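Single-letter residue listing:
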Protein chains: 2
Amino acid sequence: MAIESQELKKVGLKVTLPRVKILQIMETAATEGKHLSAEDVYKALMEVGDDVGLATVYRVLTQFEQANLVTRHNFEGGHSVFELTREDHHDHMVCTETGEVVEFFDEVIEQRQHELAEQHGFEIVDHSMVLYVRRKEKK
Amino acid sequence: MAIESQELKKVGLKVTLPRVKILQIMETAATEGKHLSAEDVYKALMEVGDDVGLATVYRVLTQFEQANLVTRHNFEGGHSVFELTREDHHDHMVCTETGEVVEFFDEVIEQRQHELAEQHGFEIVDHSMVLYVRRKEKK
DNA sequence: TTGAATGCAAATGGTTTGCACTGAC
DNA sequence: GTCAGTGCAAACCATTTGCATTCAA
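For every chain, the first residue of the written sequence is number 1, and numbering continues from 1 onward in sequence order. To label them, take the chains in the order written and letter them from A, then take the ligands in the order written and number them from 1. Only residues with pLDDT of 70 or above have their local features reported here, since the model is predicted, and side-chain atom pairs are shown and tallied only from 80 upward, although totals for entire chains, interfaces and linings are computed over all residues. Think of the side-chain values as coming from all heavy atoms in the structure, minus any hydrogens and water.

Draft legend 1. Molecular detail of the packing of helix H3 (residues 38-47) of chain A against helix H4 (residues 54-66) of chain A. Residues and elements named next belong to chain A. Axis definition: a line fitted to C-alpha atoms, over the contacting stretch in the case of helices. Angles run 0 to 180 degrees between N-to-C directions. Going along the chain from the N terminus, every DSSP run of H or I of four or more residues is numbered as a helix, and every run of E of two or more is numbered as a strand. Taken N-terminus to C-terminus, the directions of H3 and H4 make an angle of 120°; their axes are 9 Å apart at the nearest point. Here H4 runs oblique to H3, going by the angle between their axes. For the crossing formed where H3 meets H4, the hand is right-handed. On H4, the residues that touch Ala38, Glu39, Val41, Tyr42 and Leu45 of H3 are Leu54, Val57, Tyr58 and Leu61. Per-class residue counts for the contact of H3 with H4 are eight nonpolar, no polar and one charged. Roughly parallel means an angle under 35 degrees; roughly antiparallel means over 145; roughly perpendicular covers 65 to 115; every other angle is labelled oblique. We call a crossing left-handed when the near helix sits turned anticlockwise from the far one by less than a right angle, and right-handed when that turn is clockwise. Here, residues are in contact when the closest pair of their heavy atoms is within 4.5 Å. Polar here means any residue outside two lists: the nonpolar Ala, Val, Leu, Ile, Met, Phe, Trp, Tyr, Cys and Pro, and the charged Asp, Glu, Lys and Arg; Gly therefore counts as polar.

Draft legend 2. Quick look at the interface of chain A and chain B. Counting residues at the interface gives 33 residues for chain A, matched by 33 residues for chain B. Values labelled buried area give the accessible surface lost by two parts on being combined, using a 1.4 Å probe and summing over both. Taking both sides of the interface into account, the surface hidden between chain A and chain B amounts to around 3300 Å²; carbon and sulfur atoms contribute 61%. Sorting the residues of chain A by area buried against chain B places Phe122, Glu123 and Lys136 of chain A first, and these three jointly supply 20% of that buried surface. Just to be clear on terms, a salt bridge is a Lys or Arg side-chain nitrogen sitting within 4 Å of an Asp or Glu carboxyl oxygen. At the junction of chain A and chain B, the tally comes to four salt bridges.

Draft legend 3. Focus on the pairing of strand S5 (residues 101-104) of chain B. Residue and element names in this part refer to chain B. Residues Val102 and Phe104 point to one face of S5 and are all buried, whereas Val101 and Glu103, pointing to the other face, are not buried. Should DSSP find at least two bridges between two strands, the strands are taken to pair. In the sheet, strand S4 (residues 91-95) pairs with S5 via four bridges, with the strands oriented antiparallel. Note that in S5 the partner of Val94 across the bridge is Val101. The turn joining S4 and S5, which pair antiparallel and follow one another in sequence, is formed by five residues; a positive phi near 85° is taken by Gly99. Relative accessibility under 20% of the residue-type maximum defines a buried residue, over 50% an exposed one, and the middle range a partly exposed one, all with a 1.4 Å probe and only protein chains included.

Draft legend 4. Just the relation of the copies chain A and chain B, in detail. Residues reaching a pLDDT of at least 70 in both copies supply the C-alpha atoms on which the copies are superposed by least squares. Structural alignment of chain A on chain B gives an RMSD of 0.4 Å, achieved by rotating through 179° and translating 0.0 Å along the axis. This pairing of chains is accounted for by a two-fold axis. Residue Met129 of chain A, judged by its C-alpha, is the member of chain A lying nearest the rotation axis, at 2.1 Å. In this assembly the copies share their binding face: 100% of the residues contributing to the interface of chain A also contribute to that of chain B.

Draft legend 5. Expanded view of the protein's contact with DNA strand D. Residues are counted as near a molecule or strand when any one of their heavy atoms sits within 4 Å of it. Tyr58 of chain A together with Thr16, Arg19, Thr56 and Arg59 of chain B are the nearest of the 18 residues found near DNA strand D. Among the atoms of DNA strand D close to the protein, meaning within 4 Å, 73% are from sugar or phosphate groups. At 2.5 Å, a side-chain N or O of Thr16 of chain B approaches a phosphate oxygen of DNA strand D. Elements that contribute at least two residues to the surface near DNA strand D include exactly H4 of chain A together with helix H2 (17-31) and helix H4 (54-66) of chain B. Of all the elements, H4 of chain A adds the most residues to the surface near DNA strand D, at four residues. When its residues are assigned to classes, the surface near DNA strand D shows seven nonpolar, five polar and six charged. Polar contact is the term for a pair of N or O atoms within 3.5 Å; when the atoms are in protein, one must be able to donate a hydrogen and the other to accept it, and sequence-neighboring residues count only if both atoms are side-chain atoms.

Draft legend 6. Just the sheet that holds strand S3 (residues 81-84) of chain B, in detail. Residues and elements named next belong to chain B. What the three strands build is an open sheet, ordered S1-S3-S2; its pairing is antiparallel. Of all strands in the sheet, those with a lone pairing partner are strand S1 (36-37) and strand S2 (70-73), marking the two edges. Strand direction decides the pairing type here: S1 and S3, joined by two bridges, are antiparallel. Note on S3: the bridge partner recorded for Ser37 is Val81. In the packing of H4 onto the sheet, contacts are made with S2 and S3, and the angle to S2 comes to roughly 110°.

Below is the structure:
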């Protein structure tokens with residue numbers, strides 16, 4: 001049995017063709033370090049000849065998100081992008097010129113965030129930090 | 001002439017009733033530390049008896065944003081909120097239970113962000129950092 | 001068999017736009 | 001008087017949902 005099927009069962013989702021296919025696509029994207037929108041996933045399915053409705057793509061991605069298989073990001077621009085959930089937390093910097101996405105993690109910042117929330121009597125449930133950047137001119 | 005009129009002229013916008021009214025509302029909200037959605041502004045206008053179309057509210061807020069009079073934030077949840085642009089940069093924490101918004105600024109984090117961008121060969125154009133938080137249970 | 005999953009199309013909700021009318025200069 | 005600004009309704013776009021059909025278990 002394919003790895004995808006096992007992962008689906010593990011999170012309590014019935015093994016169906018759309019779910020397996022979409023999971024495969026997300027895994028492929030992950031190895032390339034890419035973040036896909038629902039539309040991207042839909043197109044990828046079309047290209048491989050798999051006829052899955054866009055609505056199903058949204059439904060499945062949402063289920064995957066709830067099952068913590070994928071993580072949803074809301075960068076500027078109105079649409080969401082998804083990536084396979086990884087055990088290691090990380091934030092993103094997005095190049096405003098090329099759209100390139102770089103992932104990073106910084107212990108100092110994470111630490112400060114918790115301290116700041118604490119100072120205001122809160123605890124952090126989640127956070128998003130996106131740096132919109134531009135390639136520096138080489139001198 | 002009211003202060004609002006001068007501000008509008010300064011940024012090259014013709015002085016019209018909707019623009020003056022909306023600017024006043026944004027200023028009032030600012031003194032209360034509030035962030036308003038287009039809908040909020042629209043409702044505020046209605047309450048005062050000023051009949052301005054929702055479309056105009058969007059158009060004016062967008063113009064204000066381009067003129068750098070107001071700043072637009074895209075928190076989770078699909079809709080944008082606006083606040084008067086301030087010279088001092090700050091980030092936000094949003095309570096997931098009450099919607100309460102707290103502004104904060106932390107030099108340590110700002111510093112690290114620049115260092116991290118630099119490490120990847122980028123310079124920061126802009127950034128968004130939002131902490132989604134929950135009031136801590138008092139023990 | 002049988003309830004869950006899917007496809008399709010229609011609905012949604014925030015935001016934008018086309019166009020004729022209005023108003024600021 | 002003119003052209004930018006506005007109101008209204010229709011259009012948009014990403015996403016969600018209702019419902020009849022299909023399918024995994």
